[in-house]
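The chain contents come next:
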Amino acid sequence: MSSTEEYPDEVRAHTALHVIKGAVVRVLGEDALWTASTYVSGKHGRLTVKFNRKPTPEEVKAIEELANKKIEEDLPIEVKVLPREEAEETYGNVIYDLYPVPQEVRTLYITIIYDKDGNIWNINACNKQHTKTTKYVGKVKLGKVRFRASKQLLEIPFDVEP
Ligand SMILES: [Zn+2]
């Protein structure tokens, strides 16, 4: 069984969201830090981040290449279950997306992808299922990005392969 067959497509595509988000922030900078929404269906997914312009084709290519590099590097993915206060104190607001986790949620599942050098590649309060390392994602192929200027939202569609 090859590595990409070990997880359902949706788990691979969901995990890809985290890997791609890390690449988006490295390529586009801190202005792209806030995730507005995510969507996954089968091998297809879409990451939507708050941003202020349409990226160039070169930037989109760079995001795709960097995401695939991090998949090939087979980075470890760890989930820490922490009281909300402790998670916020340790990691700060970077664990959150644009829209807040409801206050009544007191325990957070902090999903962390560690980069080769031990630094955090991506961190997010997320209680969904992920692959144990990034190689199980397979490969990501980005689609045509869409920038919605009125909402300042950048939509990045993708598919996981094979
Ligand atoms: Zn997740």
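About the cut-offs
Residues numbered from 1 in each chain as written. Predicted model: local features only at pLDDT ≥ 70, side-chain atom pairs only at ≥ 80, totals over all residues. Helix = DSSP H or I, 4+ residues; strand = E, 2+ residues; numbered from the N terminus. Rg over C-alpha atoms; globule rule 2.2 N^0.38 Å. Buried ≥ 20, exposed ≤ 12 C-beta atoms within 10 Å, placed from the backbone. Expected span 1.5 Å × (residues − 1). Arc of directions from axis to C-beta. Contact = placed C-beta atoms within 7 Å. Pairing = 2+ DSSP bridges. Axes fitted to C-alpha atoms, helices over the stretch in contact; angles between N-to-C directions. Core = buried A, V, L, I, M, F, W, Y, C linked by C-beta atoms within 7 Å.

Of regular secondary structure, the protein chain possesses three helices and eight strands. Counting from the amino terminus, the protein chain carries its helices and strands in the arrangement α-β-β-α-β-α-β-β-β-β-β. Whereas a compact globule of 162 residues would reach a radius of gyration of roughly 15 Å, the protein chain reaches 15 Å, a difference of no more than 12%. Counting across all 162 residues of the protein chain, residues that qualify as buried make up 33%.

This paragraph deals with helix α2 (residues 57-72). Along its 16 residues, α2 runs 23 Å from first to last C-alpha, staying within 8% of the 22 Å computed at 1.5 Å per residue. Among all positions in α2, only Ile63, Glu64, Ala67, Asn68, Lys70 and Ile71 are buried. Angular distribution of buried residues about the axis of α2 spans 160°; they occupy a single face of the element. The exposed set on the far side of α2, more than 90 degrees from its buried face, consists of Glu58 and Glu72. Those residues of α2 that are buried lie in contact with α1 (9-28), β5 (120-125) and β6 (139-142).

What follows covers α1. With 20 residues, α1 should cover 28 Å at 1.5 Å per step; its first-to-last C-alpha distance of 27 Å lies within 8% of that length. With 15 of its 20 residues buried, α1 lies for the most part within the structure.

The sheet built from three strands is open, its strands ordered β3-β4-β5 with antiparallel pairing. In the strand order of this sheet, the two ends are held by β3 (77-83) and β5, each with one partner. Between one strand and the next, the sheet's axes are offset by a mean angle of 20°, whatever the strand orientation. Judged from the five bridges that link them, strand β4 (residues 107-114) and β5 form a sheet pairing that is antiparallel. Along β5, the bridge assignment pairs isoleucine 113 with asparagine 122.

A few words now on the nonpolar core. Core analysis: the biggest nonpolar cluster contains 28 residues, and Ala16, Val19, Ile20, Val24, Ala67, Val137 and Val140 have the highest contact counts within it. Breaking this core down by element, the ones donating at least two residues are α1, β2 (44-50), α2 and β8 (153-161). When residues in this core are grouped by element, the largest group, nine residues, is from α1. Aside from chain neighbours lying at most four places away, what touches valine 137 is Arg12, Thr15, Ala16, Val19, Ile71, Thr131 and Val160. Ile95, Leu108, Ile123 and Ala125 belong to the second-largest nonpolar core, a separate cluster that totals six residues.

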